[in-house]
Amino acid sequence: MAMVVQRHTSPGARLLRGNLHTHTSISDGRRSPEEALAFYAENGYDFVALTDHWRASSFDGERDGLLVIPGLELDGRDPALGAYHLVGLGLSDTPRREDVRSLGDAVGFVAKRGGKAILCHPYWCGMPSWAVVRSFGVIAVEIFNTTCEVTIAKGFSTVHWDDTLAAGRRIWGVAVDDAHWSRPDYGAAWVMVEAEERSVEAILQALCEGRFYSSSGPEIKDFAVEGRVARAVTTPAKRLAFVCDRHMGYCAYDETGRGITEACYTVPEEASYVRLEVDDYSGRRAWSNPIWLSDGGQTRR
Ligand SMILES: [Zn+2]
Ligand SMILES: [Zn+2]
């Protein structure tokens, strides 16, 4: 019987590069929407989501070769979960503040308009892992946020993500800029998406299905699991880390000084998922989405 090979993006596929969290002078960003879009267009991006605080973007469609995903960022204090921020993608309506209190209200507002919700920067919010585990209705959590890193060194929420995955919640991880333009918080973290076509709908669909990886530099050329063997092929890296539940996992290190570009790991029977982290020699990182090992091939491509 042929072994099922699971992967999120196909080797050699053309991936679309995008930033999913951007502020402009419509809220507290230092650049106008036009200037923000020009920056991303000039820096090789395929799409950008405009996500000002409590002001849905009126931009939509294509501008200067860049697809614009309309969206917004909501925030509040959930009575059970505490402070939260939430990005809604693919919608052009703004709710009234008094109509959005809980995280469920925010998620519901986005979902009712056909949008997709992403839980923002839990580390920066002071949101503990248990609250992320109980953040229902979001397709992904921000595992790296540039502005949170450059302003208060709280950009990484990968522990929250692993705790959530280990609890059995199947949630994707995204790296974003959350650009505000007063610090160097732009052009530093993005997603690489395998969409069926170059359209907002196809990108949002691919995000929902986890057909992407995140990066602040390195490329993941392939990350696949066959049986229980995980195999990674990447641009030259200092370290390739296979991350699993609890104490399980493995790190392969470069011993040549030129970077390693391949590694394998046999995932233990007790592990429920494996994901890849790629560290290059300039301190930049890429993150695959998790592949589950006991899902009957649901993540199969
Ligand atoms: Zn925020
Ligand atoms: Zn933001």
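Residues numbered from 1 in each chain as written. Chains lettered and ligands numbered in written order. Predicted model: local features only at pLDDT ≥ 70, side-chain atom pairs only at ≥ 80, totals over all residues.

Participant: Sorry if this is basic, but what is going on with the domain arrangement of the chain here?
Facilitator: Reports of interface size often rely on the accessible area that becomes lost once the parts have come together. Taken as a whole, the chain is organised into domain 1 (8-213) and domain 2 (218-292). For domain 1 and domain 2, the distance between their C-alpha centroids amounts to 25 Å. Of the residues lining the interface, 13 residues belong to domain 1; the matching set on domain 2 comes to 13 residues. Classifying every residue of the side of domain 1 that touches domain 2 by side-chain character gives 8 nonpolar, 3 polar and 2 charged. (Domains from an automatic or database assignment. Contact = placed C-beta atoms within 7 Å. Nonpolar A, V, L, I, M, F, W, Y, C, P; charged D, E, K, R; others polar.)

Participant: Got a minute to help me understand the sheet that holds strand β1 (residues 5-7) in this structure?
Facilitator: Across a sheet, strands are paired by hydrogen bonds formed along the backbone, either parallel or antiparallel in direction. Spatial ordering of the open sheet is given by β1-β12-β13-β16, a layout of 4 strands whose pairing is antiparallel. Every other strand in the sheet has two partners, leaving β1 and β16 (260-266) as the edge strands with one partner each. Averaged over all neighbouring strand pairs, the angle between strand axes comes to 20°, with direction disregarded. (Pairing = 2+ DSSP bridges. Helix = DSSP H or I, 4+ residues; strand = E, 2+ residues; numbered from the N terminus. Axes fitted to C-alpha atoms, helices over the stretch in contact; angles between N-to-C directions.)

Participant: Looking at this model, I keep getting lost on the pairing of strand β5 (residues 66-78). Mind explaining?
Facilitator: Two faces belong to every sheet, and in a regular strand the side chains alternate between them. Relative to β5, strand β3 (residues 47-50) is paired through 4 bridges, and the arrangement is parallel. Bridge pairing in β5 places Phe47 opposite Leu67. With 3 bridges joining them, strand β4 (residues 61-63) and β5 adopt antiparallel strand pairing. Counted as the bridge partner of Glu62 is Leu67 from β5. Between β4 and β5, which pair antiparallel in sequence order, lie 2 residues; one of them, Asp64, sits at a positive phi of approximately 50°.

Participant: Would you mind going over helix α7 (residues 200-208) with me for this structure?
Facilitator: Two residues of an α-helix separated by three or four positions point the same way, owing to the 3.6 residues in each turn. Taken together, the buried positions of α7 are occupied by Ile203, Leu204, Ala206 and Leu207. Angular distribution of buried residues about the axis of α7 spans 160°; they occupy a single face of the element. At the exit of α7 stands Gly210, carrying a positive phi of roughly 75°. (Buried ≥ 20, exposed ≤ 12 C-beta atoms within 10 Å, placed from the backbone. Arc of directions from axis to C-beta.)

Participant: Whenever I open this one, helix α1 (residues 33-42) confuses me. Can you help?
Facilitator: Residues Pro33, Ala36, Leu37 and Tyr40 constitute the buried set of α1. Here the buried residues of α1 occupy an arc of 95° about the axis, which is enough to place them on one side. A positive phi of about 80° marks Gly44, the residue just after α1.

Participant: What exactly am I supposed to notice about the confidence of the model for the chain here?
Facilitator: Do not read the fine detail of predicted coordinates wherever pLDDT is low. Confidence in the prediction of the chain, expressed as mean pLDDT, is 95, and 97% of residues score 70 or more. Considering only residues more than four positions removed or in separate chains, one finds that residues 296-301, a stretch of pLDDT under 50, has 11 contacts. (pLDDT = per-residue confidence, 0-100.)

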